[in-house]
Amino acid sequence: MINNLELTSTRPGITLAGFRITPAFAAAFCVLLVTAISLFTSPYIGMADNGDFYRIIYSNGLYFNAPDYDSQYFGYFVKQFGIFQYFNENSTMVVSSQSLFIKLAIFVNKLFFSREVFDIRFQAAIYTVLYVAAVYLLVEAITLKMSTKRGMAVAALAVFIFGDTGYTNYFSSFFGESLVMVTMILVFASWLLLYRKRYNDYAMLAILLISTLILTTSKQQNAPVGMVISLLSVPLVLIRRDKLFRWVTLLSAGLMMFAGIATYLNISKEFVNINQYHAMTRGVLMESKNPETALGSFGINEQYAILKENTYYDQYGTVDVKSELLDKNFYSRYGFVSILTYYASHPNELGSILDTASESAYKIKPAAMGNYEQSAGKEFRAQSHFFSLYSTLKEKLAPRPFAFILLWMAVTIGVYMPSFVRSIRTRDFRGMQRLLVILATMLVGLSGIVVSIIGAGDADIAKHEFLFTLAFDLIIFQTAASVIGRGISSRRSVPSAPSAPSARPLKDYPALNKGVGM
């Protein structure tokens, strides 16, 4: 039957010297070129340390070997670090999948450069290769059925957004956002490729699973990511009839859920206290018109209202943030759930802090950290503007109220809902996946905002909301590509066939009607 045929159109692309250049290849190559110029040619670009690097590098065998390193905090990018030559007595401060990539970079560094000095550009090279592959898969999934002209337009848009150095500068740093960026794009791309039935389903499911596990365990605040993707990926069991695929899919969903729960349970007490402190001093107390009353609702002595707007890292703080007194009378009185309950019963304060969060929700790179080495002769905290038009425009033009985020989500879901409903009616289980991946990406991004403000107030909020700004860009890219392709982003593109003759009732065929109905 014609309705059951899977007709394949020619992939978009242009042929030069016998080599076919597809939109996916063009986008990946251009992103590679821009990133290589930015990170691997002088002046070298990266991101300055804000004081967080020590948490991840010591336990992975690296240390700060620059004598004046402390004076370069926030201001200058440092590209070389020492490698421990003897027993490393530093315990693991942060359990993160990021350590796997740091250790791989150190291994490659020792093979080709030095066993005593680590150059962070080896790590940047690994991330760049993975990122380019992720961009390739993303553009391939979206442009598969488009014409060459429209496909190349989508490729150019991909370079404009994902080639932006606001994103790629993270590769030359020890911030976890670099790994978040690579794996989130791989999650989105592999899921879309399952929807488009492009490449082997088992291979795409494996990429989806591995990327989700790495993404979830890369940062402690990403614990909800595994849970969200786990739940919304369950309908993937319906896209194939073979039992093996269905069991593998269910097992994958279970592993994602386990990773989310394990990441949450594995958060160290020190980080719990840091985030908890900020959740109260930079969240509840800062938004409350009557801090004393707010503290009373948690059963906390109202005298702690003097901590309003304080940070855990204040050099001359009002109290000792690590004292037993604070642990007994302050930290033990509230948690994530109680703060969430408080905001639910104080909608005005919740709205206020959500608007505060949305102010920073579109910043790709934090303004506090410089991008140049000190030897480049730039001023302290100077930032590179090379190929950063998208991140600049996004930060300046994006609407600030949190209500815009809700409106954007509602409109986007409304745009893709009709095709989702049609897929349900026709039992097209692959067709259902496009809205599911978009919804999962939205919820993952939204979790970045909610976890940040509920769990840590507005402390370092621009970097904490990186997951949302990336999710926003992925969905904007998908939606814009659909517009460029004029709806050709649907999974199947079946060319029109000659009209079949209308079916005639069986009674019109006397020879066939004999004996029927006995």
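The notes below deal with the structure included here. Residue positions are given per chain, counting from 1 as you read along its sequence in written order. At least 70 in pLDDT is required for a residue's local features to be given in this predicted model, at least 80 for side-chain atom pairs to be given and counted, and no such filter applies to totals for whole chains, interfaces and linings, which use all residues. The basis for the side-chain values is all heavy atoms of the structure; hydrogens and waters are excluded.

1. Considerations on the nonpolar core
Part 1 of the reasoning: Membership of the largest hydrophobic core comes to 132 residues, with the highest contact counts inside it found for Tyr131, Phe162, Phe174 and Phe330.
Part 2 of the reasoning: For this core, the leading source of residues is helix α7 (residues 177-196), giving 15 residues.
Part 3 of the reasoning: Here a residue-residue contact requires only that any non-hydrogen atoms of the pair lie within 4.5 Å. Excluding its chain neighbours within four sequence positions, the residues that come into contact with Tyr131 are Val31, Phe162, Tyr167, Thr168, Phe171, Met181, Val182 and Ile185. Joining through side-chain atoms within 4.5 Å is the link that ties buried Ala, Val, Leu, Ile, Met, Phe, Trp, Tyr and Cys residues into a set, and such a set is a nonpolar core. Think of it in three bands: residues with accessible area under 20% of the maximum for their type are buried, residues over 50% are exposed, and the middle band is partly exposed, with areas taken using a 1.4 Å probe on protein chains only. Elements are defined by DSSP. Helices are runs of H or I of four residues or more, strands are runs of E of two residues or more, and each kind is numbered from the N terminus.

2. Considering the sheet that holds strand β5 (residues 117-119)
Part 1 of the reasoning: Taken in spatial order, the 3 strands of this open sheet run β3-β4-β5, and their pairing is antiparallel. The outermost strands of the open sheet, each flanked by one partner alone, are β3 (62-63) and β5.
Part 2 of the reasoning: Each pair of strands is called paired provided DSSP finds at least two bridges between the two strands. Bridge count for β3 against strand β4 (residues 80-83) is 2 bridges, and the pairing is antiparallel. In the strand pairing of β4, Leu62 is matched with Ile83.
Part 3 of the reasoning: Simply put, an axis is a line fit to the C-alpha atoms, just over the touching stretch for a helix, and the angle between two N-to-C directions goes from 0 to 180 degrees. Most of the contacts of helix α3 (residues 98-112) go to β5, to which it runs at about 115 degrees, and overall it touches β3, β4 and β5.

3. Focus on unusual backbone geometry
Part 1 of the reasoning: Cis geometry is found at the peptide bond from Ser42 to Pro43, where omega equals -5 degrees.
Part 2 of the reasoning: Its place among the elements puts Pro43 in the loop between α1 (23-40) and α2 (54-57).
Part 3 of the reasoning: Here the phi dihedral of Tyr199 falls at roughly 70 degrees; this positive angle occurs in a residue that is not glycine.
Part 4 of the reasoning: Structurally, the position occupied by Tyr199 is in the loop between α7 and α8 (201-218).
Part 5 of the reasoning: Classification of Tyr199 as partly exposed rests on a relative accessible area of 34%.

4. Digging into the packing of helix α9 (residues 223-233) against helix α10 (residues 243-265)
Part 1 of the reasoning: Running from N to C, α9 and α10 cross one another at 160 degrees; their axes reach a closest spacing of 7 Å. On the basis of the axis angle, α9 is roughly antiparallel to α10. The interaxial crossing formed by α9 with α10 has left-handed handedness. Only Thr249, Ala253, Gly254, Met256, Met257, Gly260, Ile261, Thr263 and Tyr264 of α10 make contact with α9, whose side of the interface consists of Ala223, Gly226, Met227, Ile229, Ser230, Leu231 and Ser233.
Part 2 of the reasoning: Here the term charged refers only to Asp, Glu, Lys and Arg, the term nonpolar to Ala, Val, Leu, Ile, Met, Phe, Trp, Tyr, Cys and Pro, and the term polar to all other amino acids, Gly among them. Its residues assigned to classes, the contact of α9 with α10 comprises 9 nonpolar, 7 polar and no charged. If an angle is under 35 degrees, it is roughly parallel; if it is over 145, roughly antiparallel; if it lies from 65 to 115, roughly perpendicular; otherwise it is oblique. Each crossing gets its hand from how the near helix is turned against the far one by less than a right angle, where anticlockwise is left-handed and clockwise is right-handed.

5. Points about the pattern of salt bridges
Part 1 of the reasoning: A pairing counts as a salt bridge when a side-chain nitrogen of Lys or Arg comes within 4 Å of a carboxyl oxygen of Asp or Glu. Overall, the coordinates contain 10 salt bridges when judged by the stated rule.
Part 2 of the reasoning: Among the ionic pairs, Asp52 bridges to Arg55, the shortest N-O distance being 3.8 Å.
Part 3 of the reasoning: Accessibility expressed as a relative area gives 22% for Asp52, which makes it partly exposed.
Part 4 of the reasoning: A relative accessible area of 14% means that Arg55 is categorised as buried.
Part 5 of the reasoning: With its nearest N and O atoms 2.4 Å apart, the salt bridge here joins Asp201 to Arg430. Of this pair, Asp201 sits in helix α8 while Arg430 sits in the loop between α17 (402-425) and α18 (433-456), placing them 229 residues apart in sequence.

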